[in-house]
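Listed below are the residues making up each chain.
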Amino acid sequence: DGLGPGDTSYKFLKRFFASKFCQWAFARLHPNFGIGLANLSSGYSRNANIEKDKIFLGEENGWLAIYCKDYLKTEHIDYFIFGHRHLPLEIKVGEQSTYFNIGDWLHHYTYGVWDGEKFEVKKVQR
């Protein structure tokens, strides 16, 4: 979360919730209220982005692919593995580097496997 450009409101909230004050204040809430508040916020965010996350705009516009390519300018990585978008993807981002998005097990029935030598995205056979 928060690796790509834009989404300034999310990045602000992420920093705010990570602050010592916010963590101190949240710890004073009764667990029933605190967990309910967290679930409500999470559900709202998920519902607001569910359709947007289903669309792949190409690797030149995909902010995680762009992030990977920029990262490779300073350090070599064989595999970049993400699950944030819930969309199964495999994109070559460098000569020896691949970006994977493992998708999800609710809609795409996909998961990632590392066999000790290579990584791949597989689909549950139903």
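Residues numbered from 1 in each chain as written. Predicted model: local features only at pLDDT ≥ 70, side-chain atom pairs only at ≥ 80, totals over all residues. Heavy atoms only, no water.

## With respect to the overall build of the protein
No. 1: Secondary structure assignment for the protein yields four helices and five strands.
No. 2: The N-to-C order of helical and strand elements in the protein reads α-α-α-α-β-β-β-β-β.
No. 3: For the protein, buried positions account for 21% of its 126 residues.
No. 4: Counting only contacts in the protein whose residues sit at least 6 apart along the sequence, the fraction spanning at least 24 positions is 26%.
No. 5: Put simply, the protein shows about 9600 Å² of open surface, and 58% of that area lies on carbon and sulfur atoms. (Helix = DSSP H or I, 4+ residues; strand = E, 2+ residues; numbered from the N terminus. Buried < 20%, exposed > 50% of the residue type's maximum accessible area, 1.4 Å probe, protein only. Contact = heavy atoms within 4.5 Å. Areas by Shrake-Rupley, 256 points an atom, 1.4 Å probe, with all protein chains shown as cover.)

## Side note on the layout of surface pockets
No. 1: Here the second largest pocket is characterised by a volume of approximately 160 Å³.
No. 2: Residue assignment for the lining of the second largest pocket shows that the elements contributing at least two residues are helix 2 (20-27) and helix 3 (31-53).
No. 3: Broken down by element, the lining of the second largest pocket gets its largest block of residues, three residues, from helix 3.
No. 4: Class assignment for the residues of the lining of the second largest pocket results in five nonpolar, one polar and no charged. (1 Å grid on protein atoms, 1.4 Å probe; cavity = no way out; pocket = protein on both sides within 12 Å on 5 of 7 lines; lining within 4 Å. Points joined across faces, edges and corners; volume = space filled by probe spheres on them. Nonpolar A, V, L, I, M, F, W, Y, C, P; charged D, E, K, R; others polar.)

## Some thoughts on the nonpolar core
The tendency in soluble globular proteins is for nonpolar side chains to be buried side by side.
No. 1: Judged by nonpolar contacts, Leu 64, Ala 65, Cys 68, Phe 80, Phe 82, Leu 87, Leu 89, Ile 91, Val 93 and Tyr 99 together constitute the single largest core of ten residues.
No. 2: Listed by contribution, the elements that provide at least two residues to this core are helix 4 (63-71), strand 1 (79-82) and strand 2 (88-94). (Core = buried A, V, L, I, M, F, W, Y, C linked by side-chain atoms within 4.5 Å.)

## Some details on the sheet that holds strand 1
Strand pairing in a sheet takes place through backbone hydrogen bonds and is either antiparallel or parallel in direction.
No. 1: Taken in spatial order, the three strands line up as 1-3-2 in an open sheet, and their pairing is mixed. Two strands in the sheet have a free side with no partner beyond their single neighbour: strand 1 and strand 2. Each strand axis lies, on average, 15° off the axis of its neighbour in the sheet, ignoring direction.
No. 2: Looking at chain direction, strand 1 and strand 3 (residues 97-102) are connected through four bridges and run parallel. Bridged to Phe 82 within strand 3 is Asn 101.
No. 3: Against the sheet, helix 4 makes contact with strand 1, strand 2 and strand 3, and its axis sits at roughly 150° relative to strand 1, the strand it touches most. (Pairing = 2+ DSSP bridges. Axes fitted to C-alpha atoms, helices over the stretch in contact; angles between N-to-C directions.)

## Let's talk about the pattern of salt bridges
No. 1: All told, the structure shown has four salt bridges when counted by the stated rule.
No. 2: Between Lys 118 and Asp 115 there is a salt bridge, with the nearest N and O atoms lying 3.9 Å from each other.
No. 3: Residue Asp 115 is classed as partly exposed on the basis of its relative accessible area, which comes to 47%.
No. 4: Of the charged contacts in the structure, one is a salt bridge between Lys 118 and Glu 120, with a shortest N-O distance of 3.3 Å.
No. 5: Judged by relative accessible area, which is 41%, Lys 118 ranks as partly exposed.
No. 6: One network of salt bridges, in which partners are shared, links Asp 115, Lys 118, Glu 120 and Lys 122. (Salt bridge = Lys/Arg side-chain N within 4 Å of Asp/Glu carboxyl O.)

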